[in-house]
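These are the residues of each chain, in order.
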Amino acid sequence: MATLTIRDLDDQVKAGLRVRAAHNGRSMEAEARVILADAVARGPLSGLGTRIRERFGESGSSLDIPPRTDLGRETPGLTGRLGSDE
């Protein structure tokens, strides 16, 4: 078994751990072991994009997007030169 020392633990986190451990009938050390084991068992957290891809697959959406036929209006031309006082 390995030993882990956690330095600079916030006082509120320590107090919360103490309360949680007492509620579950464990020592703070045992409670910390349970919390860490549960977190590691769940695996790495994934980002939003990864979760969306997992839910909807690689195909993305089933919406049919029609091709764009109207390119909009023409860009107006510029008169004069930039930076000039014309």
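The structure this text deals with has already been given above.
Residues numbered from 1 in each chain as written. Predicted model: local features only at pLDDT ≥ 70, side-chain atom pairs only at ≥ 80, totals over all residues. Heavy atoms only, no water.

Visitor: Lay out the overall build of the protein chain with the relevant residues and their values.
Guide: Looking only at helices and strands, one finds 3 helices and 0 strands in the protein chain. Relative to its 86 residues, the protein chain shows a buried fraction of 5%. For the protein chain, the exposed surface amounts to about 8,800 Å²; the carbon and sulfur share of it is 54%. (Helix = DSSP H or I, 4+ residues; strand = E, 2+ residues; numbered from the N terminus. Buried < 20%, exposed > 50% of the residue type's maximum accessible area, 1.4 Å probe, protein only. Areas by Shrake-Rupley, 256 points an atom, 1.4 Å probe, with all protein chains shown as cover.)

Visitor: Give me unusual backbone geometry: which residues, what numbers.
Guide: With a phi close to 55 degrees, D8 is a non-glycine residue in the positive phi region. Tracing the chain through its elements places D8 in the segment before α1 (11–23). Accessibility expressed as a relative area gives 79% for D8, which makes it exposed.

Visitor: Give me the lowdown on the packing of α1 against helix α2 (residues 28–42), citing residues and values where you can.
Guide: Relative to each other, α1 and α2 sit at 95 degrees, their axes nearing to 9 Å. One way to sum up the angle between α1 and α2 is to call them roughly perpendicular. Along the contact surface, α1 presents K14, L17, R18, R20 and A21, while α2 presents M28, E31, A32 and I35. For the contact of α1 with α2, the residue count by class is 5 nonpolar, no polar and 4 charged. (Axes fitted to C-alpha atoms, helices over the stretch in contact; angles between N-to-C directions. Parallel < 35°, antiparallel > 145°, perpendicular 65-115°, else oblique. Contact = heavy atoms within 4.5 Å. Nonpolar A, V, L, I, M, F, W, Y, C, P; charged D, E, K, R; others polar.)

Visitor: Residue-level account of a nonpolar patch on the surface, with values.
Guide: A surface patch of nonpolar side chains, about 480 Å² in accessible area, is lined by L4, I6, L9, V13 and L36. When you line up the elements, L9 lands in the segment before α1. (Patch = residues over 30% accessible without salt bridge, like charges linked within 9 Å, V, L, I, M, F, W, Y side chains within 5 Å. Salt bridge = Lys/Arg side-chain N within 4 Å of Asp/Glu carboxyl O.)

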